Amino acid sequence: MPELRKDPVIGRWVIIATERAKRPDQFSGQAQEAPPEKPCPFCEGSESHTPPEIYALRPKHTLPNSPGWELRVVPSIAPFLRIEGELERRGKGMYDLMNGIGAHEIVIETNQHIANMADLSEEQIAKVITCYIDRMIDLEKDKRFKYALVFKNHGWVAGGGSVKHSRSQLIATPVNPKRVKEELAGARFYYDYHERCVFCDLIRQELEFKERVILDIDGFIAISPFAARFPFEIWILPKKHACDFTSLTMPMRLDLGRIIKKALSKLKKGLNDPPYNYVLHTAPFRQPKVGYWKSIDYDYHWHIEIMPRLTRVAGFEWGTGFYICPLPPEDAAKFLSEVEV
Ligand SMILES: [Zn+2]
Ligand SMILES: [Zn+2]
Ligand SMILES: [Zn+2]
């Protein structure tokens, strides 16, 4: 019997399609056509092929936009939103609009031509995490922005393009994204009722039953969520409650780097390097607003969602907002926890 499951945070329903379920080992990431690889503008020595850097981890004696760096951030050459200008919020009859203002930055995670973040060292991933935090703190100073979304597209099918060099993206937006607002609202609703964080409750319950836990190390857990949308979907959460990712201490950044590396390595090894997206969900930039953000320090809990792209989103998903997941998350968690990395 297929199962309808409800996500406890945002109330989204998914269908765990046990009838057409596949075994975990029937999924593989390599059945995708990708165009031939282009020359890489992100390797060390190709600095002139990117816009000038915004941020770099490099020794003091090296010049900006020259070799010698460990990590660089550059503006996107094809930004979704533009940094210059004012928002000019306005109405046109019943329609609301504003100028497409925002920041769109590319975080080049390594000077080596490495395709998958799974193959970076945990120390290097910790440096990427520090870079996300530094950039978010900097962008928060710009009062036009309300949110900064960090995300990654790995592999052609996941939108990773034809250059196989590990990088993530950061987009600051002048409005809070709807998907984030749904989580914030769901978490606050749960908190108003229970006076507990929904994510902390979820972590407690997962640790008790263990059937969806993939990794439990160093203050972080990786689970396949109860109402998973995609086969092998993974959420990484800090066990200690915190709504704001930028509050992560240095030792915790290294611990987070370790669990990210392990989780991504399990996907790579167990599923033949599948394409995936990940997103970081953290508290918005909190500009003072009466009655807003009252309990966010207690009710929201930052986390990373990793979504392997092994199935397609089709008409039913578009039409309903339901997702159909052809693999029970319990089977995914068991399979991934047994992949040795
Ligand atoms: Zn490269
Ligand atoms: Zn919490
Ligand atoms: Zn989330």
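The structure this text deals with has already been given above.
Residues numbered from 1 in each chain as written. Chains lettered and ligands numbered in written order. Predicted model: local features only at pLDDT ≥ 70, side-chain atom pairs only at ≥ 80, totals over all residues. Heavy atoms only, no water.

**Considering the coordination of the zinc ion (ligand 2)**
- Protein coordination of the zinc ion (ligand 2) is provided by C197 (SG), C200 (SG), H241 (ND1) and H301 (ND1), with donor distances spanning 2.0 to 2.4 Å.
- One can describe the donor arrangement at the zinc ion (ligand 2) as tetrahedral, given that its 4 donor atoms subtend angles of 107 to 114 degrees at the metal.
- Each donor residue of the zinc ion (ligand 2) lies on the same chain, and together they follow the pattern C-x2-C-x40-H-x59-H.
- C197 gets classed as buried once you look at its relative accessible area, which sits at 6%. (Donors = N, O, S within 2.8 Å, 3.2 Å for Na, K, Ca; no water. Tetrahedral: all angles 85-135°; square planar, octahedral: opposite > 155°, others 65-115°. Buried < 20%, exposed > 50% of the residue type's maximum accessible area, 1.4 Å probe, protein only.)

**What to know about the coordination of the zinc ion (ligand 1)**
- Surrounding the zinc ion (ligand 1) are the protein donor atoms C40 (SG), C43 (SG), H113 (ND1) and H165 (ND1), at 2.1 to 2.2 Å.
- Coordination at the zinc ion (ligand 1) is tetrahedral, judged from the 4 donor atoms that bind it and the angles of 102 to 119 degrees they form at the metal.
- On the primary sequence, the residues serving as donors to the zinc ion (ligand 1) are separated as C-x2-C-x69-H-x51-H. The pair C40 / C43 is uniform in exposure class, with both members buried.

**Details of the pattern of salt bridges**
- For the structure shown, the criterion picks out 29 salt bridges.
- When the shortest N-O distance is used, the salt bridge between E206 and R212 registers 3.1 Å. Each member of the pair, E206 as well as R212, is classed as buried.
- Notably, a salt bridge pairs R258 with D255, separated by 3.1 Å at the nearest N-O pair. With R258 and D255 both in helix α4 (residues 250–270) and 3 residues apart, this pair spans about one turn of that helix.
- Its relative accessible area of 19% is what places D255 among the buried residues.
- If you follow the salt bridges from partner to partner, you end up with E3, R5, E206, E211, R212 and E330 in one network. (Salt bridge = Lys/Arg side-chain N within 4 Å of Asp/Glu carboxyl O. Helix = DSSP H or I, 4+ residues; strand = E, 2+ residues; numbered from the N terminus.)

**Some remarks on the pairing of strand β8 (residues 147–154)**
- Taken across its 8 residues, β8 has 6 buried, putting it largely inside the fold.
- Sheet topology note: the β8/strand β9 (residues 167–173) ladder contains 5 bridges and is antiparallel. Bridge assignment links F151 to a residue of β9, and that residue is Q169.
- Examined bridge by bridge, β8 and strand β13 (residues 276–281) share 5 bridges and lie antiparallel to one another. Its bridge partner lying in β13, F151 is registered against V279. (Pairing = 2+ DSSP bridges.)

**Things to note about the side chain of E317**
- Topologically, E317 is positioned in helix α6 (residues 315–320).
- The buried category is assigned to E317, whose relative accessible area is 10%.
- Among residues more than four places away in sequence, those in contact with E317 are R312, F322, Y323 and I324. (Contact = heavy atoms within 4.5 Å.)

Remember that the coordinates give geometry; whether it matters functionally is a separate question.
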